Amino acid sequence: SSYPSAHGTSRGGEGRGGTSGSSGTHRESRSSENTSYTSKQHIDKSVDFRKSKDYENALKSCDEALKADPKYLDGWNEKAAIFIDKAEYKRAIEYCDIAIIIDPKYFYAYNNKAIALRMLEDYENALKSCDEALKINPQYSDARNEKNNILKGFYLHL
């Protein structure tokens, strides 16, 4: 499945990678056991709101999902994606870090963190975050694409 926009959520066909611009959350069964169908529905709604740039309602839907299940990784990753889309990269990184604390193997959060760090022109830490995603999942094409974006950004700023 592919993501609705550049950083992570499995819906639509725009690809998952870290091109520029918008973000996403992936949607696989990588949430805690008690994640309800309702939490997943809230994140689906959040993704739709985010894609139409309705960030206020996207955040409300995200918060509803996280209220139902505070350890719902896709909820934290979607929240990060919203803040990447809003160009609030430091807040996005905070939400990525929460997901990583909950599950250090949640490679999608490392990729979104890499995108936010790249946008802040912190290329060294962006590469580290990307490499972490690829160490966990070497087949994750979004992280490979993001690594190329980071390297391009780095070399353009030399």
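One can find the structure itself at the top, above this paragraph.
This one's a predicted model, so the numbers in the text were calculated from it and none came from an experiment.

Cut-offs and rules
- Residues numbered from 1 in each chain as written.
- Predicted model: local features only at pLDDT ≥ 70, side-chain atom pairs only at ≥ 80, totals over all residues.
- Heavy atoms only, no water.
- Helix = DSSP H or I, 4+ residues; strand = E, 2+ residues; numbered from the N terminus.
- Buried < 20%, exposed > 50% of the residue type's maximum accessible area, 1.4 Å probe, protein only.
- Contact = heavy atoms within 4.5 Å.
- Areas by Shrake-Rupley, 256 points an atom, 1.4 Å probe, with all protein chains shown as cover.
- Expected span 1.5 Å × (residues − 1).
- Arc of directions from axis to C-beta.
- Salt bridge = Lys/Arg side-chain N within 4 Å of Asp/Glu carboxyl O.

Q: Would you explain the overall build of the protein in this entry?
A: Check the secondary structure of the protein and you find seven helices and zero strands. Of the regular secondary structure in the protein, the N- to C-terminal order runs α-α-α-α-α-α-α. Among the 158 residues that make up the protein, the fraction classed as buried is 50%. Long-range pairs, those at least 24 residues apart, make up 50% of the contacts in the protein with a sequence separation of at least 6. With the model as given, the accessible surface of the protein reaches about 7500 Å², and the carbon-plus-sulfur share is 51%.

Q: Where do I start with helix α1 (residues 37–51) in this structure?
A: Residues three or four positions apart in an α-helix share a direction because the helix packs 3.6 residues into each turn. Its 15 residues place the ends of α1 21 Å apart at the C-alpha level, agreeing with the 21 Å of an ideal helix rising 1.5 Å per residue. Within α1, burial applies to S39, H42, I43, S46, V47 and R50. When α1 is viewed along its axis, its buried side chains cluster within an angular range of 140° and face the same direction. Next to the buried residues of α1 lie α2 (55–68) and α3 (73–85). K53 sits one or two residues past α1 and shows a positive phi near 65°.

Q: Teacher, can you tell me more about the pattern of salt bridges here?
A: For side chains of opposite charge, pairing can occur when their charged atoms come near one another. In this structure the tally under the stated criterion is twelve salt bridges. Between E78 and R50 there is a salt bridge whose closest N-O contact spans 2.9 Å. Of this pair, E78 sits in helix α3 while R50 is found in helix α1, placing the two residues 28 residues apart along the sequence. For the residue pair E78 and R50, the accessibility class agrees, reading buried in each case.

Q: Where do I start with helix α4 (residues 89–102) in this structure?
A: Look at α4: 20 Å from first C-alpha to last across 14 residues, which is about the 20 Å you get at 1.5 Å a residue. Three or more residues of α4 are buried, namely Y89, A92, I93, Y95, C96, A99 and I100. The buried residues of α4 all sit within an arc of 165° when viewed along its axis, so they share a single face. Projecting away from the buried face of α4 at angles above 90 degrees are the exposed residues K90 and I101.

Q: Would you take a moment to explain the environment of A65 for this structure?
A: Mapped onto the secondary structure, A65 falls in helix α2. In this structure, the C-alpha to C-alpha distance between A65 and D44, residues 21 residues apart in sequence, is 9.9 Å. If near-sequence neighbours (up to four positions away) are discounted, A65 is found in contact with S39, H42, I43 and Y72.

Q: How do you make sense of unusual backbone geometry when you look at a structure like this?
A: Most of the time, phi is negative for any residue but glycine, and the peptide bond is trans. At K53, a residue that is not glycine, the phi angle is positive and equals roughly 65°. The topology assignment puts K53 in the loop between α1 and α2. With a phi angle near 60°, A87 is a residue other than glycine that sits in the positive phi range. If you trace the backbone, A87 turns up in the loop between α3 and α4.

Everything listed here is a matter of geometry and, on its own, says nothing about what the molecule does.
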